[in-house]
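An overview of the molecular structure
Okay, here's what each chain looks like letter by letter:
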Amino acid sequence: MDSAQNPEEFYENLKAKLQDTAMWPTEYLYKFIVVTKESKVEIIQQVFDNMGAVIETTKSKKGKYTSVSVNVRMKNPDAVIDKYIEIGEKVEGVISL
């Protein structure tokens, strides 16, 4: 998220882009970066549990950070944004790409 934008403005812009660029429902790829700590990765996995998500994790070269890619079918842009908000609330220090 751009630090100059407030979260509401950021998510409004994201919603507009998602509406303009995809036919819904569609596959969506989330990417997150967290400090390597198993509990943080597990929380992300729990948020997408029972959704048929394909989740891949990759540790950084030195192992300090873990990237988490989540490919999942989402029904609309609002559902995509809801997951970003939920992850941001549940996982301290997460970076959403």
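Structure: see above.
The following refers to the structure shown.

Rules and cut-offs
Residues numbered from 1 in each chain as written. Predicted model: local features only at pLDDT ≥ 70, side-chain atom pairs only at ≥ 80, totals over all residues. Heavy atoms only, no water. Core = buried A, V, L, I, M, F, W, Y, C linked by side-chain atoms within 4.5 Å. Buried < 20%, exposed > 50% of the residue type's maximum accessible area, 1.4 Å probe, protein only. Helix = DSSP H or I, 4+ residues; strand = E, 2+ residues; numbered from the N terminus. Contact = heavy atoms within 4.5 Å. Pairing = 2+ DSSP bridges. Expected span 1.5 Å × (residues − 1). Arc of directions from axis to C-beta. Polar contact = N/O pair within 3.5 Å; in protein donor to acceptor, adjacent residues only side chain to side chain.

Overview of the nonpolar core
- One finds Y30, F32, I44, F48, V70, Y84 and I87 to be the most contacted residues of the largest nonpolar core, which totals 22 residues.
- Elements with a minimum of two residues in this core: α1 (7-21), β1 (26-35), α2 (38-47), β3 (65-74) and α3 (77-90).
- No other element matches the 5 residues that α3 contributes to this core.
- With sequence-adjacent residues up to four places away left out, Y84 is seen in contact with Y11, L14, Y28, Y30, F32, S96 and L97.

Brief notes about the sheet that holds β3
- Taken together, the 4 strands give an open sheet; going across it, the order is β2-β3-β1-β4, and neighbouring strands pair in antiparallel fashion. Among the strands making up the open sheet, the edge pair consists of β2 (54-59) and β4 (95-96).
- Summarising the sheet, β1 and β4 pair through 2 bridges and their orientation is antiparallel. For F32, the partnering residue across the bridge sits in β4 and is S96.

Looking at α1
- Relative to the 21 Å expected for 15 residues at 1.5 Å per residue, α1 spans 21 Å between its end C-alpha atoms, a close match to the ideal helical length.
- Along α1, the positions that sit buried rather than exposed are Y11, L14 and L18. Along α1, the residues classed as buried sweep out an arc of 60° about the axis, all on the same side. Away from the buried face of α1 by more than 90 degrees, exposed residues E8, E12, K17 and D20 are located.
- On the buried face of α1, the contacting elements are β1 and α3.
- Two to three positions downstream of the cap, the backbone nitrogen of E8 sits 3.2 Å from a side-chain oxygen, assigning the N-cap of α1 to N6.

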